[in-house]
Amino acid sequence: MHTAPIGFKARADEALADATLKLAITRTAGNAERKRTAAVADFAPFGAARERGKRIKDHVIANLDHYLAEFERHATAAGSVVHWAATADEAARIVVELCRQAGAKRVTRVKSMLGEEIGLPHALDAAGIERVETDLAEHIVQLGGDRPSHIVWPSMHRTREQVSAMFKRAHRVPHGEETVEAMVDSARRELRGKFLSADVAISGANFLIADTGATCTVTNEGNAELTTTPPRVHIVTAGIEKLVPTQAHAFAMLRLLVRSATGADVTQYTTFHCGPKRTGDLDGPEECHIVLVDNGRTRMLRDAALREMLRCIRCGACMNHCVVFRQLGGHAYGGTYPGPMGAVLTPVFDGLPASRDLAHACTLNGKCREVCPVDIPLPTLLRGWRDRSWREGLEPPAMRVGLGVYAWAAQRPALWRLGTAVAVRAMRWFGRDGWIRRMPGLGAWTAHRDFPAPAPRTFMAMLRDGETPR
Ligand code: SF4
């Protein structure tokens, strides 16, 4: 939905040159990594819980039609209206239309990456409906006029010094002291009245419970509860892969989600919404709508090479541990979802021609899979996109010719030995102290880092002479 007009490499160069961005990423991602490591170490059954989580999601994905029908039946019985959206545009249209029908002038929104995926902030703005982001980080994103750069910490790209300056410019009663607590108070003062005067509340869902028709939302700020309770209408948007069979399964997944996302044992607020206000309830919405969004998910379901990605519970651990994300931050990825999971998902939403660089940016070090709480083989999925990119002829001509020559020469041992001998000699000539800092043909590599000069003897020569390679 949101691919920026310039390419990945240009965005990456911009991000690499931004020292403030680097500071902001290091503070938050470093903290997240440390907290997750400690939380997992403190929770002995994490390995077994991970296996179970993977089995739950695989079971739901294999029986998605059954659980979707069950969810719709129970949600309808609870008084919700279920809407189906095949595409992002259709989902955004349904939400805007529901807001119009409710006569909404102001809507409050709880952070939801699905909302970003379907372009909801833009659709609401374009419809002239005032949108109030109630999550503190999303409030910062809205004030900055930019997009989330992380799926759990949307304003990760901002330092607290930048946030302080933004709040002072935008809030009616800004903070006096330069403390995080004072800034939070400032946001609270600014947002509190808007919570209470909104006509419609829009939230996402971390899980959809098939056997009750409830939706489950987790937050640490309590903004989901404040957002969804006062307005007359509550709209939930959720991807169809968010289903779990029962509430007990949702709790099993929550144990993985929270530890992997924030390193806490439990989130501050876990809320289950099940239909509108009933007779005798003191508060709650009079109408509840649930918009179930496909937007490429059934295509992923049919595709054996991508199906495992539907297990994703959007915890963000893969990006917190990714060496590329830690250098660039989220905006450089160009799509809604950044990091390793974003590099897999963006080609699904934006098409491979517009996003083929993402799979190539990966070092394939495997850390993302290691920390993924549902064991998604992200490096394998990224290699799959590289393979498709090659088969669809999307790689640049120079790479195709180079690899063609390589494959041709590699099948001719005499020619290969001659070629490598010449190349190794040339590379040694350019090497200084074991490193090549500049060499014709290696410019794209040496522009950012040195290249190791070849060892004095090749592996094949050592093998031939009976030497043990070190
Ligand atoms: S791919 Fe795994 S680690 Fe990454 S966000 Fe999804 S569940 Fe979390």
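A few points on the structure.

About the cut-offs
- Along each chain, residue indices are assigned from 1 in the same order as the chain's sequence is written.
- Per-residue local features of the predicted model are confined to residues with pLDDT of at least 70, and side-chain atom pairs are confined, for both listing and counting, to 80 or more; whole-chain, interface and lining totals are unaffected and use all residues.
- Only runs of H or I of at least four residues qualify as helices and only runs of E of at least two qualify as strands under DSSP, and these elements are numbered from the N terminus.
- Radius of gyration here is computed from C-alpha atoms only, and the compact-globule reference equals 2.2 Å multiplied by the residue count raised to the power 0.38.
- Our exposure labels follow a C-beta count within 10 Å of each residue's own C-beta, placed from the backbone: buried means 20 or more other C-beta atoms, exposed means 12 or fewer, and partly exposed covers the counts in between.
- Here, residues touch in the contact sense if the C-beta positions derived from the backbone fall within 7 Å of one another.
- A strand pair is defined by DSSP finding two or more bridges across the two strands.
- Here the axes come from fitting lines to C-alpha atoms, over the contacting stretch only for helices, and the angles between their N-to-C directions go from 0 to 180 degrees.
- For a helix, the expected span equals 1.5 Å multiplied by the residue count minus one.
- Small angles under 35 degrees read as roughly parallel and large ones over 145 as roughly antiparallel, with 65 to 115 read as roughly perpendicular and the rest as oblique.
- Two helices crossing with the near one rotated counterclockwise from the far one by less than a right angle form a left-handed crossing, whereas a clockwise rotation gives a right-handed crossing.
- Here the term charged refers only to Asp, Glu, Lys and Arg, the term nonpolar to Ala, Val, Leu, Ile, Met, Phe, Trp, Tyr, Cys and Pro, and the term polar to all other amino acids, Gly among them.

1. A few points about the overall build of the protein
Counting its secondary structure elements, the protein contains 23 helices and 13 strands. The C-alpha radius of gyration of the protein comes to 25 Å, within 12% of the 23 Å expected for a compact globule of 470 residues. If one aligns the C-alpha atoms of the protein with their principal axes, the spans along those axes are about 90 × 55 × 45 Å. Counting over 470 residues, the protein shows a buried share of 40%. When contacts within the protein are restricted to residue pairs at least 6 apart in sequence, those whose partners lie at least 24 apart make up 72%.

2. A short note on the sheet that holds strand β1 (residues 81–85)
Strand order in this open sheet of six strands is β1-β10-β7-β4-β2-β3, and the pairing throughout is parallel. Looking at which strands have only one partner, the edges of the open sheet turn out to be β1 and β3 (130–133). Within the sheet, the average angular offset between the axes of one strand and its neighbour, ignoring direction, is 20°. In terms of strand pairing, strand β4 (residues 200–203) meets strand β7 (residues 233–239) through four bridges, oriented parallel. Directly across from A201, in β7, lies its bridge partner H234.

3. So, the sheet that holds strand β9 (residues 269–273)
Taken in spatial order, the four strands make up an open sheet running β8-β5-β6-β9, and their pairing is mixed. Unpaired on one side and paired on the other, β8 (243–244) and β9 mark the two borders of the sheet. Bridge analysis of strand β5 (residues 207–209) against strand β6 (residues 214–219) gives three bridges, and the strand direction is antiparallel. The residue of β6 that forms the bridge with F207 is C216.

4. Points about unusual backbone geometry
A positive phi angle, close to 45°, is found at N295, a residue other than glycine. With respect to the secondary-structure elements, N295 resides in the loop between β10 (287–293) and α13 (297–302). One non-glycine residue, D433, lies in positive phi territory at about 55°. Its place among the elements puts D433 in the loop between β11 (431–432) and β12 (435–436).

5. Focus on the environment of R131
Here R131 lies in strand β3. On the basis of neighbour count, R131 is assigned to the partly exposed category, with 19 C-beta atoms found within 10 Å. Taking C-alpha positions, R131 is 9.9 Å from L120, a pair spaced eleven residues apart along the chain. Apart from the residues lying within four places of it in its own chain, the contact partners of R131 are V107, R109, P121, L124 and D125.

6. As for the pairing of β4
On any regular strand, side chains alternate: one points to one face of the sheet, the next to the other face. In β4, alternate side chains face the same way, and those of V200 and I202 on one face and A201 and S203 on the other are all buried. Across three bridges, the pairing between strand β2 (residues 106–109) and β4 is parallel. Across the sheet, T108 pairs through a bridge with A201, a residue of β4.

7. Remarks on helix α5 (residues 88–101)
Helix length check: α5, at 14 residues, gives a terminal C-alpha distance of 20 Å against a target of 20 Å (1.5 Å per residue), a fit within 8%. One or two residues past the end of α5 sits G103, with phi positive at roughly 65°.

8. Section: helix α12 (residues 247–262)
Given 3.6 residues per helical turn, the α-helix brings residues three or four places apart onto the same face. With 16 residues, α12 ought to run about 22 Å at 1.5 Å a step, and its terminal C-alpha atoms sit 22 Å apart, in line with that. Those residues of α12 that sit buried are H249, A250, M253, L254, L256, L257, V258, R259, S260, A261 and T262. Taken from the residues just after α12, G263 is the one with a positive phi, measuring 80°.

9. Observations concerning the packing of helix α17 (residues 352–360) against helix α19 (residues 378–391)
In a packed pair of helices, the relevant descriptors are the angle between the two axes and the axis-to-axis distance. The geometry of α17 relative to α19 is characterised by a closest axis approach of 9 Å and an angle of 130° between their N-to-C directions. Between α17 and α19, the angle falls in the class oblique. By crossing handedness, the relation of α17 to α19 is classed as left-handed. Touching L352, R356, A359 and H360 of α17 are L382, W385, R386, R388 and S389, all from α19. Tallied by class, residues from the contact of α17 with α19 come to four nonpolar, two polar and three charged.

10. Focus on the environment of I25
Mapped onto the fold, I25 is located in helix α2 (residues 19–42). On a C-alpha basis, the gap between I25 and T219 in space is 21 Å, while along the polypeptide they are 194 residues apart.

11. Describing the pairing of β7
Among the seven residues in β7, seven count as buried, and that is most of the element. Where β7 lies against β10, seven bridges are found, and the strand directions are parallel. The residue bridging H234 from the neighbouring strand is C288, located in β10.

12. What to know about the environment of V40
For V40, the position within the fold is in helix α2. When the C-alpha atoms of V40 and G441 are compared, they prove to be 45 Å apart, with 401 residues separating the residues in sequence. With residues near it in sequence (within four places) discarded, V40 still touches F46 and R259.

13. Considering the packing of helix α9 (residues 160–170) against helix α10 (residues 180–197)
Contact geometry for α9 and α10: axes closest at 11 Å, N-to-C directions at 35°. Between α9 and α10 lies a crossing whose hand is left-handed. Residues R160, V163, S164 and F167 of α9 lie in contact with α10, whose contacting residues are V180, M183, S186 and A187. The residue makeup of the contact of α9 with α10, split by class, is five nonpolar, two polar and one charged.

Read these as geometric descriptors, not functional statements.
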